[in-house]
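Next come the chains, spelled out residue by residue.
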Amino acid sequence: GDIPADSAQTPFKKGRWLSGLNGSFTSSTLNIRSSDELFSTNAYGLEIFTGIFIKDRWFAGFNVLASSSSGSGLIDRESESLLIGPSISHYFLKESYGSLYVSVLPGYIRVREEGSVGSGEEVFNQSAEGPGFATRFRLGYSYVISNRIVLDVGVGTNLAWVDLNYRSDFENVEQKESIFSNATFFSFGFNVLLDEFFF
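Residues numbered from 1 in each chain as written. Predicted model: local features only at pLDDT ≥ 70, side-chain atom pairs only at ≥ 80, totals over all residues. Heavy atoms only, no water.

### Notes on the overall build of the chain
Line of reasoning, step 1. Within the chain, the secondary structure is distributed over 1 helix and 8 strands.
Line of reasoning, step 2. Its helices and strands in sequence order give the chain the pattern α-β-β-β-β-β-β-β-β, from N to C terminus.
Line of reasoning, step 3. Here the chain, with 199 residues, has 38% of them falling under the buried criterion.
Line of reasoning, step 4. Within the chain, contacts between residues at least 6 apart in sequence are counted, and of these 62% link residues at least 24 apart. (Helix = DSSP H or I, 4+ residues; strand = E, 2+ residues; numbered from the N terminus. Buried < 20%, exposed > 50% of the residue type's maximum accessible area, 1.4 Å probe, protein only. Contact = heavy atoms within 4.5 Å.)

### Side note on the pairing of strand β6 (residues 122-145)
Line of reasoning, step 1. Two elements, β6 and strand β7 (residues 149-168), share 18 bridges in a ladder whose sense is antiparallel. Bridge pairing in β7 links Gly140 to Gly154. (Pairing = 2+ DSSP bridges.)

### Points about the side chain of Ser81
Line of reasoning, step 1. Inspection of the secondary structure puts Ser81 in strand β4 (residues 75-91).
Line of reasoning, step 2. Within the structure, Ser81 has its side chain in polar contact with the side chain of Ser67 (distance 2.8 Å).
Line of reasoning, step 3. Excluding anything up to four places from it in sequence, Ser81 contacts Leu65, Ala66, Ser67, Ile109, Arg110 and Val111. (Polar contact = N/O pair within 3.5 Å; in protein donor to acceptor, adjacent residues only side chain to side chain.)

### Things to note about a nonpolar patch on the surface
Line of reasoning, step 1. A cluster of nonpolar side chains, Phe92, Leu93, Leu100, Val102, Leu139, Val153, Val155, Phe186 and Phe188, forms an exposed patch at the surface whose accessible area comes to about 740 Å².
Line of reasoning, step 2. Secondary structure elements with two or more residues in the nonpolar patch: β5 (98-119), β7 and β8 (174-194).
Line of reasoning, step 3. The residue Leu93 is located in the loop between β4 and β5 in this model. (Patch = residues over 30% accessible without salt bridge, like charges linked within 9 Å, V, L, I, M, F, W, Y side chains within 5 Å. Areas by Shrake-Rupley, 256 points an atom, 1.4 Å probe, with all protein chains shown as cover. Salt bridge = Lys/Arg side-chain N within 4 Å of Asp/Glu carboxyl O.)

### Some thoughts on the pattern of salt bridges
Line of reasoning, step 1. What the rule picks out here adds up to 7 salt bridges.
Line of reasoning, step 2. Taking the shortest distance from any N to any O, the salt bridge between Asp195 and Arg148 comes out at 3.1 Å. One end of the pair, Asp195, is in the segment after β8; the other, Arg148, is in the loop between β6 and β7, and 47 residues separate them in sequence.
Line of reasoning, step 3. Assessed through its relative accessible area of 34%, Arg148 is described here as partly exposed.
Line of reasoning, step 4. It is possible to trace a salt-bridge network through shared partners that takes in Arg16, Arg148 and Asp195.

### Remarks on the environment of Ser99
Line of reasoning, step 1. Looking at where Ser99 falls in the secondary structure, it is placed in strand β5.
Line of reasoning, step 2. Judged by its relative accessible area of 0%, Ser99 is buried.
Line of reasoning, step 3. Along the sequence, Ser99 and Arg57 sit 42 residues apart, while their C-alpha atoms lie 9.1 Å from each other.
Line of reasoning, step 4. Among all residues touching Ser99, those that are not within four sequence positions of it are Phe12, Tyr91, Phe92, Leu93, Gly140, Tyr141 and Ser142.
Line of reasoning, step 5. Here Phe92 takes part through its backbone nitrogen, which lies 3.1 Å from a polar atom of the side chain of Ser99.

### Brief notes about the nonpolar core
Line of reasoning, step 1. One finds Leu65, Leu83, Leu105, Ile109, Val111, Ala128, Ala134, Ala160, Val162, Leu164 and Tyr166 forming the largest nonpolar core, which totals 11 residues.
Line of reasoning, step 2. Going through the elements one at a time, β5, β6 and β7 are the ones with two or more residues in this core.
Line of reasoning, step 3. No other element matches the 4 residues that β7 contributes to this core.
Line of reasoning, step 4. Apart from the residues within four sequence positions on either side, Leu65 is in contact with Leu46, Glu47, Ser81, Leu82, Leu83 and Arg136. (Core = buried A, V, L, I, M, F, W, Y, C linked by side-chain atoms within 4.5 Å.)

### A word on the side chain of Asn63
Line of reasoning, step 1. Relative to the elements of secondary structure, Asn63 occurs in strand β3 (residues 58-72).
Line of reasoning, step 2. Within the structure, Asn63 has its side chain in polar contact with the side chain of Ser87 (distance 2.7 Å).
Line of reasoning, step 3. With residues near it in sequence (within four places) discarded, Asn63 still touches Glu47, Ile48, Phe49, Leu83, Ile84, Gly85, Pro86, Ser87, Leu105 and Arg136.

### A word on the confidence of the model for the chain
Line of reasoning, step 1. Of the residues in the chain, 85% reach a pLDDT of 70 or more, and the chain-wide mean stands at 87.
Line of reasoning, step 2. Throughout residues 1-7 the model reports pLDDT below 50, and contacts reaching past four residues in sequence, or to other chains, amount to 5 contacts. (pLDDT = per-residue confidence, 0-100.)

### Digging into the packing of aromatic side chains
Line of reasoning, step 1. As enumerated under the stated definition, the model contains 10 aromatic pairs in all.
Line of reasoning, step 2. Look at Tyr91 and Tyr101: their rings are 5.3 Å apart centre to centre, the planes differ by 35°, and that puts the pair in the tilted class. You can see Tyr91 sitting in strand β4 and its partner Tyr101 sitting in strand β5, a full 10 residues away along the chain.
Line of reasoning, step 3. Each ring, one from Trp161 and one from Phe180, has its centre 5.2 Å from the other, and the planes form 45°; the classification is tilted. Taken together, the residues Trp161 in strand β7 and Phe180 in strand β8 connect sequence positions 19 residues apart.
Line of reasoning, step 4. Looking at Trp161, the relative accessible area reads 42%, which means it is partly exposed.
Line of reasoning, step 5. Using a relative accessible area of 49% as the deciding quantity, one classes Phe180 as partly exposed.
Line of reasoning, step 6. Grouped by ring-pair contacts, the aromatic residues Phe12, Phe49, Phe53, Phe59, Tyr91 and Tyr101 constitute a single cluster. (Phe/Tyr/Trp six-rings, centres within 6.5 Å; stacked < 30°, edge-to-face > 60°.)

Here you go:
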């Protein structure tokens, strides 16, 4: 049969594999309840993924995303999270040099956090840990070099619903809390297109 024109053009062909490594950076500022003090957080993430084009310009993958953040202000805290799940992406353009794309990644997230609250002599340590559900949406552009190497930049938002178990020195009690978080991120990546899987 004849090859459709768009299939001949796009590097994102059905049956090809895409594997890669992405880094991300998130910055957010919170104003905590009645306090006038601002609380700023910077987070860095590293994502590895692999998957296959199930149709031309439609990609299904499996992603593992680890991120670490530190915050300063009223509360000093260090936090780590791990997000694991499937992803689906659609590439809009049929050009050989690359395409704008949109992707969604729903998955299981686990968060661990340690922090200290207080000033002067009175400093209390608290920690939190728990599982949850997260969904990440990303809009990006993939630039393809010689049909194989893919440079990727994107922006997106991460939504997470997490059930945390808090432990604190101050009250010496454990409490459960459900939290919702929403963060915007910038990502950049280096990926490889393959005709066969060799990972």
